[in-house]
Each structure stands twice: as C-alpha cells, then as structure tokens.
Amino acid sequence: MPPIVVAAVLLAALTHASWNALAHGIRDQLLAFTLVGGGGSLCGAVLACFAPLPAAGAWPPLLVSALLHVVYQLLLMRSFQMGEFGQMYPIARGTAPLVVTVLAAVFVHELPDAWQLAGVLLASAGLVGVALWGLRRKKPAGHADAGAAGATEADTSAESAGAAESAESDEGGRGGGTPQWPALAAAVGTGLAIASYTVVDGIGVRASGTSLGYIAWLMLLEGLAIPLWALARWRGALVARLRPIALRGLLGGVLSVAAYGLVLWAQTRAPLAPVAALRESSIIAGAAIGALFFKERFGWPRTAASVLMVGGIALMLHGT
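Residues numbered from 1 in each chain as written. Predicted model: local features only at pLDDT ≥ 70, side-chain atom pairs only at ≥ 80, totals over all residues. Heavy atoms only, no water.

Caption draft 1: Examining the overall build of the protein more closely. Helices and strands together make up the secondary structure of the protein, namely 16 helices and zero strands. Each of the 320 residues in the protein was classed as buried or not, and the buried ones make up 55%. Residue pairs in contact within the protein that sit at least 24 positions apart in sequence constitute 90% of those at least 6 positions apart. For the protein, the exposed area adds up to about 12,800 Å²; of that, 74% sits on carbon and sulfur atoms. (Helix = DSSP H or I, 4+ residues; strand = E, 2+ residues; numbered from the N terminus. Buried < 20%, exposed > 50% of the residue type's maximum accessible area, 1.4 Å probe, protein only. Contact = heavy atoms within 4.5 Å. Areas by Shrake-Rupley, 256 points an atom, 1.4 Å probe, with all protein chains shown as cover.)

Dropping the structure here:
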C-alpha cells in the first residue's frame, strides 16, 4: 500500500472517530444522526454541483450502498443509545476488516499477498482484542453517563424531552456495567453493515470514474433518510430541538463526508482488505477520545492493541 494512501486512510480514521464521538456526545441519538445525516447530505449536494456524474455502471452499487449506510446508521444509533462509547465503537469497527477480507476475495476476486494478509490479521487481532476487553470490563453502578459528560446545560435543557423517551435504554447500557445483549447485537450488526458497504463501495467507486462524484451522490442520498424520519416524528417541533446542538451535529456531518471520501479515494488505489483494516485504526482514536472527553479508561489493553495495529500497518507497507 503506497504511503500516501496509508496517510489518507489514517486521517480518515481520526476524522471518523471524531464525528462518532460528536454524535455520541449528544444525548438524543435521533437528533444527533439527523444533524449528521443532514450535514452530510448538504455537503453531498454542494459537491454534486461541481463533480462529474458517476458512470452508469456505478449507480447500482451506489444505490445498494446508500441503503446499507442507512441500516448502518440505524444500528450505530441504537448501539450508542444502549452502550458506552469505548465499548460499542471498538465492537462495531473491529468486526469489519476480516469480513471485508473474505467478501473481497469472494466477490471482487481480490486476494491479499502474504504480507498484506499478515498485516490484516495482526491489526485485526489488536482491534478484536480491545473490543473483547471492553466486554469483560465492569464499571461501578454509579458511573456517570458517557454521553452527558460533554453536554452543556443548554444541550441538556433542549434535549430533555427526547431524553425522557430514551431513558430506559440509557439506563440499560450507557450508565455503566457490561453492555446488554441487544447492545452487543446492534454493535456486531453495525460491523457487518460496515463490511458490506465497504465492499459494495469498492466495486462502485472503481466503476464510477470519479471518486468525488461517487461520494457526493452517496452522501446526498443516504443522508436524507434519518432527517426525514425525524421530521415525520416531530414535524414543526424539530427545528427547536435541533437548534441548540446544530453546530456540533452539522460538524459531524461534514467530518463524515471527509472521512469516507478519503476512504473511497484510497479504495481506487489499494486493495479493499488492507484499506479496511487500516481504517479501523479509528478504534484506537476512539478509545483515546473516550478517555479524554468521556472519562473512560484507556488502559494497557488498548495500548497493546495500538502496538499490534502499528505492527500490522508496517507489514501492510512491507507488501507494497
């Protein structure tokens, strides 16, 4: 994998972890993903005005990917409602690289060489390890809500109505302790959705002739679903609910477009499996963000996972 591609994917990983943290820090997850989706769709609309239209052969995978992204967002939103950021994020991201390796071999006939495969396996070992460690970790019953740690008083007052509706799920997962099985299922399902759209988009962006045009139309289409759902649910009250948290949420949408745009560009210049494994270094960034902003422990397991991740990157670079 060329160093410029590695740098682009690592930047995408940091950007991705940042927008996920912004979304998780907003107590009402439907509001959070409404703003992220709306911001992404707005960015896509602007880019579509200047980027070339994707080739005809790219549209079937693009439309399938848009649906898979909506499924991914719904599952991620659910896992964030029920689980701690430092637990749910590694599980969701850590399940994807190995699945992508298998799917890419079956559907794209893309077999990694020995060095790349060793790098994917080593990096995945670190990612899965930190995810499994998060499952066995116990927290005191009185642990503060992770999502509320970064909230301001204005956010709290604006979101109080939505928080009441999701209070039961917050008490079941975000408050501490080992996450419940529904939270784990949502996180694993998120990982499978990630693996699916990664391979579909790898096929689509290579057929599109324009990675910028592809990301523009993908974000424009997939970003509309959750805002439309929120509009149907709250109607005229939606704007008032969104206003206090609009800046954070829309920033998350812009970051999501930048993060995935970098990944799509990388997929046109490198095999899918190493790109997917490298992208999931966002787990380490997410763990660091959880420690800094949500007061979650980083600990030696995540340090060890970081070392394994770096070793995996070195092996993937050796194979270029």
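Structure's up, so let's keep going.
Caption draft 2: The arrangement of unusual backbone geometry in detail. Phi at His109 takes a positive value of approximately 55 degrees, unusual for a residue other than glycine. Within the element layout of this structure, His109 appears in the loop between α5 (96-107) and α6 (114-136). Assessed through its relative accessible area of 67%, His109 is described here as exposed.

Caption draft 3: Structural detail: the confidence of the model for the protein. Of all residues in the protein, 79% have pLDDT values of 70 or greater, and the mean over the chain is 79. Taken element by element, the predicted model of the protein shows its lowest mean pLDDT in helix α8 (residues 167-173) (40) and its highest in helix α10 (residues 211-222) (95). Confidence drops under pLDDT 50 across residues 138-176; counting only partners more than four residues distant or on other chains, this segment forms 64 contacts. (pLDDT = per-residue confidence, 0-100.)

Caption draft 4: A look at helix α11 (residues 225-234). Those residues of α11 that sit buried are Ile226, Pro227, Ala230 and Trp234. Angular distribution of buried residues about the axis of α11 spans 100 degrees; they occupy a single face of the element. Arg235 sits one or two positions beyond α11 and adopts a positive phi of about 50 degrees. (Arc of directions from axis to C-beta.)

Caption draft 5: Broad picture of the environment of Gly25. The residue Gly25 is located in the loop between α1 (3-24) and α2 (29-48) in this model. What makes Gly25 buried here is its relative accessible area of 5%. Spatially, the C-alpha atom of Gly25 lies 9.1 Å from that of Phe293, the residues being 268 residues apart in sequence.

Caption draft 6: How the structure looks around the environment of Val5. Its place among the elements puts Val5 in helix α1. Given the relative accessible area of 1%, Val5 is considered buried. Residues Val5 and Thr268 lie 263 residues apart in sequence; the distance between their C-alpha atoms is 9.9 Å. Apart from residues lying up to four places away in sequence, Val5 is in contact with Trp265, Ala266, Arg269 and Ala270.

Caption draft 7: Molecular detail of the packing of helix α3 (residues 59-82) against α11. In contact at an axis separation of 10 Å, α3 and α11 are set at 60 degrees when each is read in the N-to-C sense. The pairing of α3 with α11 is recorded here as oblique in orientation. Taking contact as the criterion, the partners of Val70, Gln73, Leu74 and Met77 in α3 are, on α11, Ala225, Ile226 and Trp229. In terms of residue class, the contact of α3 with α11 is made up of six nonpolar, one polar and no charged. (Axes fitted to C-alpha atoms, helices over the stretch in contact; angles between N-to-C directions. Parallel < 35°, antiparallel > 145°, perpendicular 65-115°, else oblique. Nonpolar A, V, L, I, M, F, W, Y, C, P; charged D, E, K, R; others polar.)

Caption draft 8: Local environment of the packing of aromatic side chains. This model, assessed by the stated rule, comprises four aromatic pairs. Summarising the aromatic geometry, the rings of Trp19 and Phe33 are spaced 6.2 Å apart at their centres and angled 75 degrees between planes, so their arrangement reads as edge-to-face. Here Phe33 lies in helix α2 and Trp19 lies in helix α1, a separation of 14 residues in the sequence. Owing to a relative accessible area of 5%, Trp19 belongs among the buried residues under this scheme. Ring geometry for Trp59 against Trp217: centres 5.6 Å apart, planes inclined by 65 degrees, an arrangement best described as edge-to-face. Of the two residues, Trp59 is situated in helix α3 and Trp217 in helix α10; the sequence distance between them amounts to 158 residues. Overall, Trp59 belongs to the partly exposed group, its relative accessible area being 22%. You can call Trp217 partly exposed: its relative accessible area is 24%. (Phe/Tyr/Trp six-rings, centres within 6.5 Å; stacked < 30°, edge-to-face > 60°.)

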